[in-house]
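Results of the structural survey
These are the residues of each chain, in order.
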Amino acid sequence: MADTFDHFPQVWTAGRLREALAGLPDDTPIHIGVADGPGDFDGYSEYSLVNLEPVEKDHPAAGPAGTDVEYTLFADYKAGQYHCDPA
């Protein structure tokens, strides 16, 4: 049986993101390193930040009916040349 563990990364707030970006020129590209596993950035994959959108999330079935809005940063593959993967 595999070992399990609880993983609780600290999700950044808009204020913390603004603080991290303070002083950078407006035309600075932002890349995102995505962990290969929970907390594992040794072999991370690098993507380019391409969008920010509000995403509606349904409440869990046990909770009150309705939705929450989470703001999600979207990333895409970095600029480059890729082979098409016909599906």
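Right, let's walk through the structure included here.

What counts and how
Residues numbered from 1 in each chain as written. Predicted model: local features only at pLDDT ≥ 70, side-chain atom pairs only at ≥ 80, totals over all residues. Heavy atoms only, no water. Helix = DSSP H or I, 4+ residues; strand = E, 2+ residues; numbered from the N terminus. Rg over C-alpha atoms; globule rule 2.2 N^0.38 Å. Contact = heavy atoms within 4.5 Å. Lys, Arg positive; Asp, Glu negative; His and termini not counted. Charge placed at Lys NZ, Arg CZ, Asp CG, Glu CD. Pairing = 2+ DSSP bridges. Axes fitted to C-alpha atoms, helices over the stretch in contact; angles between N-to-C directions. 1 Å grid on protein atoms, 1.4 Å probe; cavity = no way out; pocket = protein on both sides within 12 Å on 5 of 7 lines; lining within 4 Å. Points joined across faces, edges and corners; volume = space filled by probe spheres on them. Buried < 20%, exposed > 50% of the residue type's maximum accessible area, 1.4 Å probe, protein only. Salt bridge = Lys/Arg side-chain N within 4 Å of Asp/Glu carboxyl O.

1. Re the overall build of the protein chain
- Secondary structure summary: the protein chain contains one helix and three strands in total.
- For the protein chain, the succession of helices and strands along the chain, N to C, is α-β-β-β.
- For 87 residues, the compact-globule formula gives about 12 Å, and the C-alpha radius of gyration of the protein chain, at 17 Å, lies well above that figure.
- Dimensions of the protein chain, computed from the C-alpha atoms along their principal axes, are close to 45 × 40 × 30 Å.
- In the protein chain, 29% of the contacts between residues at least 6 apart in sequence involve partners at least 24 apart.
- Separation of charge centres in the protein chain, based on 4 positive and 16 negative side chains, amounts to 7 Å.

2. Considerations on the sheet that holds strand β2 (residues 45-58)
- Judged by pairing direction, the sheet is antiparallel, and its three strands sit side by side in the order β1-β2-β3 without closing on themselves. With partners counted over all chains shown, the strands left at the sheet margins are β1 (31-34) and β3 (67-77), one partner each. Between one strand axis and the next, the sheet turns by 50° as a mean value, whatever way the strands run.

3. Notes on the layout of surface pockets
- If you add up the space inside the largest pocket, you get close to 980 Å³.
- In terms of lining, the largest pocket is formed by 22 residues, of which the most central are Val11, Trp12, Leu17, Ile32 and Leu73.
- Elements supplying a minimum of two residues to the lining of the largest pocket: α1 (14-21), β1, β2 and β3.
- Residue contributions to the lining of the largest pocket peak at five residues, all from α1.

4. Points about the environment of Pro86
- Tracing the backbone shows Pro86 in the segment after β3.
- Residue classification places Pro86 among the exposed positions, given a relative accessible area of 73%.
- Residues Pro86 and Val55, spaced 31 residues apart in sequence, show a C-alpha to C-alpha distance of 29 Å.

5. Considering the pattern of salt bridges
- For the structure on display, the rule yields one salt bridge.
- One salt bridge connects Glu46 with Lys78, and the closest N-O pair in it is separated by 3.7 Å. One end of the pair, Glu46, is in strand β2; the other, Lys78, is in the segment after β3, with 32 residues separating them in the sequence.

6. Some details on the environment of Ala14
- Structurally, the position occupied by Ala14 is in helix α1.
- Each C-alpha atom, one on Ala14 and one on Tyr71, is 9.3 Å from the other, the two residues being 57 residues apart in sequence.

7. Topic: the side chain of Ser48
- The topology assignment puts Ser48 in strand β2.
- Those residues in contact with Ser48, other than ones at most four positions away along the chain, are Ile30, His31, Phe74, Ala75, Asp76, Tyr77, Lys78 and Ala79.

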